[in-house]
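A structural walkthrough
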Amino acid sequence: MTDTDVVPAVPAASVKAPPDHRRRAWTVTALLVVFMMVNFADKSVLGLAADPIRADLGLSASAFGLANSAFFLLFSICGAAVGLLADRVRPKWLLLTMAVLWSLSQAPLVLGGGLAVLVASRVLLGAAEGPAFPVAQQTTLSWFPNHRRNLPGALIVLGITLGVLVAAPVLTWVIHEHGWRTAVAVVAVAGAVWALLWIPFGGEGPYAGTRNGGTPGPVTADGPGLAAGAGRTAQGSDADPAADGRGADREAEAAKGTGAGAGGAARAMPYRRILATRTWIGSTAAYFGTYWVIAFCLVWLPSYLHDGLGYSSAASARLLMLVWGLSGVVVLGQAGLTGWLLRRGTSSRRARGGVGGVLLLVGAAACLALPAAPAGAATVVLLVAGFGCAGAMGSVAATTVAELAPADRRGGALGIMNAVVTTAGLIAPTLVGHLVDTHGTAGYRQALLITGVLLLLGGIAAVTLIDPARDARLLSARRTAPLAPDHDTPRRPA
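The numbering scheme is per chain: residues are counted from 1 as the chain's sequence reads. Given that the model is predicted, a residue must reach a pLDDT of at least 70 before its local features are reported, and side-chain atom pairs must reach 80 or more before they are shown or counted; all residues, however, enter totals for whole chains, interfaces and linings. As a convention, hydrogens and water are excluded, and side-chain values are obtained from all of the structure's heavy atoms.

**Thoughts on the packing of aromatic side chains**
Threshold: When two rings of Phe, Tyr or Trp (its six-membered ring) have centres within 6.5 Å they constitute a pair, described as stacked for plane angles under 30 degrees, edge-to-face for angles over 60, and tilted for the intermediate range. Helix and strand labels come from DSSP, where a helix needs a run of H or I of at least four residues and a strand needs a run of E of at least two; each type is numbered from the N terminus. Remark: exposure states derive from per-residue accessible area (1.4 Å probe, protein chains only) relative to the maximum for the residue type, with buried under 20%, exposed over 50%, and partly exposed in between.
Here the structure, examined in full by the defined rule, presents 13 aromatic pairs. Between the aromatic rings of phenylalanine 75 and tyrosine 291, the centroid separation amounts to 6.4 Å while the plane-to-plane angle is 50°, which identifies the pairing as tilted. Here phenylalanine 75 is found in helix 4 (residues 75–85), whereas its partner tyrosine 291 is found in helix 13 (residues 278–299), with 216 residues between them in sequence. Taken individually, phenylalanine 75 and tyrosine 291 each receive the classification buried, so the pair is uniform in this respect. Ring centres 5.2 Å apart and planes at 45° place the aromatic pair tyrosine 304 and tyrosine 444 in the tilted group. Separated by 140 residues along the polypeptide, tyrosine 304 in helix 14 (residues 301–308) and tyrosine 444 in helix 21 (residues 442–465) bring together distant segments of the chain. With respect to burial, tyrosine 304 and tyrosine 444 carry one shared label: buried. Feature note: the residues Phe71, Phe75, Phe133, Tyr287 and Tyr291 constitute an aromatic cluster, connected by ring pairs.

**Topic: the environment of arginine 409**
This is how the line gets drawn: Whether two residues are in contact is decided by their heavy atoms: any pair within 4.5 Å suffices. Here a polar contact is taken to be a pair of N or O atoms separated by no more than 3.5 Å, where protein atoms must pair a possible hydrogen donor with a possible acceptor and residues adjacent in sequence count only if both atoms sit in side chains.
Looking at the element boundaries, arginine 409 is found in the loop between helix 18 (393–404) and helix 19 (410–421). Considering only alpha carbons, one finds arginine 409 and aspartate 87, 322 residues apart in sequence, at a separation of 6.4 Å. Here arginine 409 is in contact with Asp87, Ala268, Met269, Tyr271 and Ile274, once residues within four sequence places are set aside. In terms of polar contacts, arginine 409 uses its side chain to reach the backbone carbonyl oxygen of methionine 269, at 2.8 Å.

**Focus: a nonpolar patch on the surface**
Note the threshold: By definition, no residue in a patch forms a salt bridge, and every one has over 30% relative accessible area; like charges are joined within 9 Å, nonpolar side chains (Val, Leu, Ile, Met, Phe, Trp, Tyr) within 5 Å. Computed by Shrake-Rupley with a 1.4 Å probe, the accessible areas treat only the displayed protein chains as cover when residues are assessed. Salt bridge, as used here: a side-chain nitrogen of Lys or Arg that lies within 4 Å of a carboxyl oxygen of Asp or Glu.
On the surface, Val358, Leu361, Val362, Leu368, Leu449, Val453, Leu456, Leu457, Ile460 and Val463 cluster together to form a nonpolar patch covering roughly 750 Å² of accessible area. Breaking the nonpolar patch down by element, the ones donating at least two residues are helix 16 (348–369) and helix 21. With six residues, helix 21 is the single largest residue contributor to the nonpolar patch. By the element assignment, leucine 457 lies in helix 21. On the accessibility criterion, leucine 457 (52% relative accessible area) is exposed.

**Some words on the pattern of salt bridges**
Overall, the coordinates contain six salt bridges when judged by the stated rule. Its salt-bridge partner being aspartate 467, residue arginine 349 comes within 3.7 Å of it at the nearest N-O pair. Remark: aspartate 467 occurs in the loop between helix 21 and helix 22 (468–480) and arginine 349 occurs in helix 16; sequence separation between them is 118 residues. A relative accessible area of 10% places aspartate 467 in the buried class.

**Some points on helix 14**
Leu301, Pro302, Ser303, Tyr304 and Leu305 are the residues of helix 14 that are buried. The positive-phi residue at the C-terminal boundary of helix 14 is glycine 310, with phi of around 80°.

**A closer look at empty space enclosed by the protein**
To keep things clear, this is the line we draw: Residues are said to line a cavity or pocket when one of their atoms sits within 4 Å of a point; the points come from a 1 Å grid over protein atoms alone, cavities being sets where a 1.4 Å probe fits but cannot get out and pockets being open sets with protein on both sides within 12 Å along at least five of seven lines. Grid points are joined across faces, edges and corners, and a volume is the space filled by probe spheres set on the points. Amino acids are sorted into nonpolar (Ala, Val, Leu, Ile, Met, Phe, Trp, Tyr, Cys and Pro), charged (Asp, Glu, Lys and Arg) and polar (every other residue, Gly among them).
Scanning the model with the defined rule gives five cavities of 30 Å³ or more in all. Here the largest cavity defines a volume of roughly 140 Å³. Ile160, Ile294, Trp324, Ser327 and Gly391 are the residues nearest the centre of the largest cavity, which is lined by 16 residues in total. Of all elements in the fold, only helix 8 (150–178), helix 13 and helix 15 (313–343) reach the threshold of two or more residues within the lining of the largest cavity. The greatest single-element share of the lining of the largest cavity, amounting to five residues, is contributed by helix 13. Each residue belonging to the lining of the largest cavity can be placed in one class, and the counts come to eleven nonpolar, five polar and no charged. When its volume is computed, the second largest cavity comes out at roughly 70 Å³. In this structure, the second largest cavity is lined by 15 residues; those nearest its centre are Met36, Phe40, Phe133, Tyr287 and Tyr291. For the lining of the second largest cavity, the elements supplying multiple residues, two or more each, are helix 1 (19–48), helix 7 (132–141) and helix 13.

**Considerations on the packing of helix 5 (residues 91–111) against helix 9 (residues 180–201)**
The following threshold applies: For helices, the axis comes from a line fit to the C-alpha atoms of the stretch in contact; other axes are also lines fit to C-alpha atoms, and the angle between any two N-to-C directions lies between 0 and 180 degrees. Oblique is the label for every angle not falling under 35 degrees (roughly parallel), over 145 degrees (roughly antiparallel), or within 65 to 115 degrees (roughly perpendicular). When the near helix sits turned anticlockwise from the far one by under a right angle, the crossing is termed left-handed; a clockwise turn instead gives a right-handed crossing.
Contact pair helix 5 / helix 9: the axes reach a minimum separation of 8 Å and the direction vectors enclose 160°. Put simply, helix 5 runs roughly antiparallel to helix 9. The handedness of the crossing between helix 5 and helix 9 is left-handed. The residues of helix 9 that touch helix 5, namely those facing Lys92, Leu95, Leu96, Ala99, Val100, Ser103, Gln106, Leu109 and Val110, are Trp180, Arg181, Val184, Ala185, Val187, Ala188, Gly191, Ala192, Trp194, Ala195, Trp198 and Ile199. Among the residues making up the contact of helix 5 with helix 9, the classes are represented as 16 nonpolar, three polar and two charged.

**What about the nonpolar core?**
Heads up, the condition is: As used here, the term nonpolar core means buried Ala, Val, Leu, Ile, Met, Phe, Trp, Tyr and Cys residues forming a set that is joined through side-chain atoms within 4.5 Å.
If you look at the biggest cluster of nonpolar residues, it comprises 129 residues, and the most contacted ones within it are Leu32, Phe35, Met98, Tyr291, Leu301, Trp324 and Phe387. By residue number, the principal contributor to this core is helix 1, which donates 14 residues. Residues in contact with tyrosine 291, not counting those within four places in the same chain, are Phe40, Lys43, Phe72, Phe75, Val421, Thr422, Ala424 and Gly425.

**Let's talk about the confidence of the model for the chain**
What counts is decided by this rule: What pLDDT expresses is the predictor's confidence in each residue, scored from 0 to 100.
Chain-level pLDDT for the chain is 80 on average; 81% of the residues reach the 70-or-more range. Of the regions scoring below 50 in pLDDT, residues 210–215 engages in 16 contacts with residues more than four places distant in sequence or in other chains. Below a pLDDT of 50 lies the segment residues 482–494, which in the model reaches 18 contacts outside its immediate sequence neighbourhood of four places, other chains included.

**Points about the state of the cysteines**
Applicable threshold: Cysteine sulfurs are considered disulfide-paired once they come within 2.5 Å of each other.
Tallied over the full model, the rule gives zero disulfides. Cysteine 297 takes part in no disulfide bond, and the closest cysteine sulfur, belonging to cysteine 367, lies 8.7 Å away. Residue cysteine 297 is classed as buried on the basis of its relative accessible area of 4%. Just so you know, cysteine 389 is unpaired, no disulfide at all, and the nearest cysteine sulfur is the one on cysteine 367, 9.5 Å from it. Exposure remark for cysteine 389: the relative accessible area of 12% places this residue in the buried category.

Here's what the structure looks like:
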């Protein structure tokens, strides 16, 4: 079936959410942006303090890379496990638990200790931070229908950029003036403050999957409700064909199919079927390249700018902010372009997979050209373009998988994707550290070539594999075919 085979229905009158609902949705989104800022400030503090930590603890580049990789030892496992748990436990309490654990895990490092304490602290912090991105995305997207998810999804990714942009100058100053252990204390306190704000203001939205039929319900102080009448109203908004003739109505039908109708219980979609789709595989492969870039930037980019390219600490911090700043602009630009394309009836294959894939290919070209570029302005331009253009794929992957997966399988699908993707954070710091120890500054150039190849493969995967409408039809057909005729069409709630 081609992209033009699905014809958008005649636009129906869209049911607008009440003002208090919209305010709550954007309040929760803003809190989760700050959540991701704290998350990546935690990750970036060791990279910003690389030289003082190595000098203080007497670490080689390989040992320092190993300490950073330790962060990802349980990161992926916990990301998958808690992602699956998020389909059964309210994400509000999962997010609160994560933030509290972030602060507690860093306390021993603030008080003292050597390499063993550093590694133990990073392992515990990584376990607590592993599920952060998928659960934050799941919670944010639960407040918006499919055709309005691009901006809030992009803002969560933007929180990564803002976290580094704020952390780079602030933590660099704290490190230079008060020491790197004080900088760790600052990010630990930030996590505790966020947790106190999340308790009264956080929560899930009406488009979260429910146990009793997967239909959106009214939002209360305790979470999304299950009232049938309100559920139909929200469901109609989610499936507004005027906004997205393919993705939104598909998701509405899939969401209804995940729960029990009036005539009997519906079967839950096995995770293995979602993970076997070309869309999930393509999104995961593309996002892996992006996360490799993130891990490189967080751990080794400050050292590469200072030791490999000869910039001062202050100039390195400014260039680091430029890289992350461009990444933020690209994320917002991608969200705007993708949303505009979806509203014009363009398929998600082109609006999400095509746009995200092209950005990865641009980043790949810049990274592959960087080792041979002359020192100076050309190096800066290629560095900023190569790393800056890669960041948008995180938002693309999350919104694409959210469109593909039924509501009651969304947390697990996102969590498992994040678990696979974040293995890049386990591999990249150790590999780059080994290259630097073995080849000196030439090791950075080899690391850039590896990064370019991964972005190239990810871009090709995004362009050729991502097509959530096609794969949703295949999933729906496989789920409904074995059922008896009276179960073929899920009943609408009374």
